[in-house]
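# Examination of the molecular architecture
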Amino acid sequence: MTWSLEDSVTAYLRRQSFQPGALGVLLNPFYFVRRGLFDQIRALAPGLQGRLLDFGCGRKPYRACFTNATDYVGVDLEQSGHDHASSLVDVFYDGKTVPFPDESFDAVFCAEVLEHVFEPDSILPELHRVLKHGGAMLVTVPFCWNEHEVPHDYGRYTSFGIAHLFARHGFAVIEQRKCGHFVQVIFQLAALYVHEVLRPLPSRKLHYVLSMLLIAPINLVGALVGLILPRDQSLYFSNVLVLHRK
């Protein structure tokens, strides 16, 4: 297979989409939210060891962060709100039963998925079931974001609500963090607005060029203002939790 320059650029931009580096502030319309998630996941992922289940895996954008996982299994719902053309799913499930025996995994990872689960009370017992006693789970759940993967977008969670939900289903909260802060949210939502307004453009390349011309200044100013103003996490992007099965 011949690897072209266009293929290399596409691969780089795809990686920047979920793992934005320094250039991400110029290239990524979701820079603040994606950078924050990546930093949090990269910091906490090495704590998950052994056989790992990535629940709602998509294209497994954070797989490389789990340096202590001996086996990495991706599960996703076949009929979901996004196209699986680029997904790296190992096993599809029916939306009710995770297709593995009890205590099959040492760890579970679930990133930005539970907002798409209409009845979390039905799926959390399943994650509890397939996780070994004392096993660890790393979860991220959005608090402030627009509707996406419609119509399969059902909920947002405060830090108190998500902790209560997991405690009710037999998980102990070991660590809980908030991803992002007030200033970042303001500038991220401004960039998101521009991205959404330009979405109907017929040309994908034109959409990308115009987005970057308009969004890059928003990201740069937001990054600078975020360094100057006081940090306030009463408004933030996502909840990040490390949990253990009781």
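What you see is a predicted model, and the numbers here were worked out from it, not measured in a lab.

## What about the environment of Gln176?
As for its placement among the helices and strands, Gln176 is situated in strand E6 (residues 171-179). Sequence separation between Gln176 and Ala107 is 69 residues, and the spatial gap between their C-alpha atoms is 17 Å. Look past the residues within four positions of Gln176 in its chain and what remains in contact with it is Ser159, Ile162, Ala163, Asn239, Val240 and Leu241. Looking at Gln176, its side chain comes within polar contact range of the main-chain oxygen of Ser159, at 2.8 Å.

## Considerations on the nonpolar core
Ranked by internal contacts, the top residues of the largest apolar core, which has 36 residues, are Ile41, Tyr62, Phe66, Phe109 and Leu138. Breaking this core down by element, the ones donating at least two residues are helix H3 (31-44), strand E4 (105-111), strand E5 (131-142), helix H6 (182-198), helix H7 (204-228) and strand E7 (238-245). Not counting chain neighbours up to four residues away, the residues in contact with Phe109 comprise Ile41, Leu52, Leu53, Asp54, Phe55, Tyr62, Phe66, Tyr72 and Leu138. Residues Leu53, Phe105, Ile123 and Val139 belong to the second largest nonpolar core, which totals 28 residues.

## Concerning the pattern of salt bridges
Summed over all chains, the structure comprises 11 salt bridges. A salt bridge links Asp71 to Arg51, with the shortest nitrogen-to-oxygen separation between them at 3.2 Å. Of the two residues, Asp71 is situated in strand E2 (residues 69-77) and Arg51 in strand E1 (residues 50-55); the sequence distance between them amounts to 20 residues. By relative accessible area, which is 34% here, Asp71 ends up partly exposed.

## Some thoughts on the packing of aromatic side chains
Taken as a whole and assessed by the stated rule, the structure comprises 11 aromatic pairs. A ring pair is formed by Phe118 and Tyr154, whose centres lie 5.1 Å apart and whose planes are at 75 degrees; its orientation type is edge-to-face. Here Tyr154 lies in the loop between E5 and helix H5 (159-168) and Phe118 lies in the loop between E4 and helix H4 (120-130), a separation of 36 residues in the sequence. Centroid distance Phe166 to Phe171: 5.7 Å. Interplanar angle 80 degrees. Geometry classified as edge-to-face.

## Let's talk about a nonpolar patch on the surface
A cluster of nonpolar side chains, contributed by Tyr208, Val209, Leu213 and Leu214, occupies part of the molecular surface with about 370 Å² of accessible area. In this structure, Val209 sits in helix H7.

## Structural notes on the environment of Tyr72
The residue Tyr72 is located in strand E2 in this model. With 95 residues separating them along the chain, Tyr72 and Ala167 place their C-alpha atoms 26 Å apart. Apart from residues lying up to four places away in sequence, Tyr72 is in contact with Leu52, Asp54, Lys60, Tyr62, Arg63, Phe66, Asp90 and Phe109. Reaching out from Tyr72, the side chain makes a polar contact with the side chain of Asp54 at a distance of 2.6 Å.

## A look at the packing of H6 against H7
One can describe the packing of H6 onto H7 by two numbers: an axis separation of 9 Å at closest approach and a directional angle of 170 degrees. Classified by the angle between their axes, H6 and H7 sit roughly antiparallel to one another. Only His207, Leu210, Ser211, Leu214, Ile215, Ile218, Asn219, Val221, Gly222, Val225 and Gly226 of H7 make contact with H6, whose side of the interface consists of Val183, Phe187, Ala190, Ala191, Val194, His195 and Leu198. Of the residues in the contact of H6 with H7, the class split is 12 nonpolar, 6 polar and no charged.

Criteria and cut-off values
- Residues numbered from 1 in each chain as written.
- Predicted model: local features only at pLDDT ≥ 70, side-chain atom pairs only at ≥ 80, totals over all residues.
- Heavy atoms only, no water.
- Helix = DSSP H or I, 4+ residues; strand = E, 2+ residues; numbered from the N terminus.
- Contact = heavy atoms within 4.5 Å.
- Polar contact = N/O pair within 3.5 Å; in protein donor to acceptor, adjacent residues only side chain to side chain.
- Core = buried A, V, L, I, M, F, W, Y, C linked by side-chain atoms within 4.5 Å.
- Buried < 20%, exposed > 50% of the residue type's maximum accessible area, 1.4 Å probe, protein only.
- Salt bridge = Lys/Arg side-chain N within 4 Å of Asp/Glu carboxyl O.
- Phe/Tyr/Trp six-rings, centres within 6.5 Å; stacked < 30°, edge-to-face > 60°.
- Patch = residues over 30% accessible without salt bridge, like charges linked within 9 Å, V, L, I, M, F, W, Y side chains within 5 Å.
- Areas by Shrake-Rupley, 256 points an atom, 1.4 Å probe, with all protein chains shown as cover.
- Axes fitted to C-alpha atoms, helices over the stretch in contact; angles between N-to-C directions.
- Parallel < 35°, antiparallel > 145°, perpendicular 65-115°, else oblique.
- Nonpolar A, V, L, I, M, F, W, Y, C, P; charged D, E, K, R; others polar.

It is worth stressing that arrangement in space is one thing and function is another; only the former is reported here.
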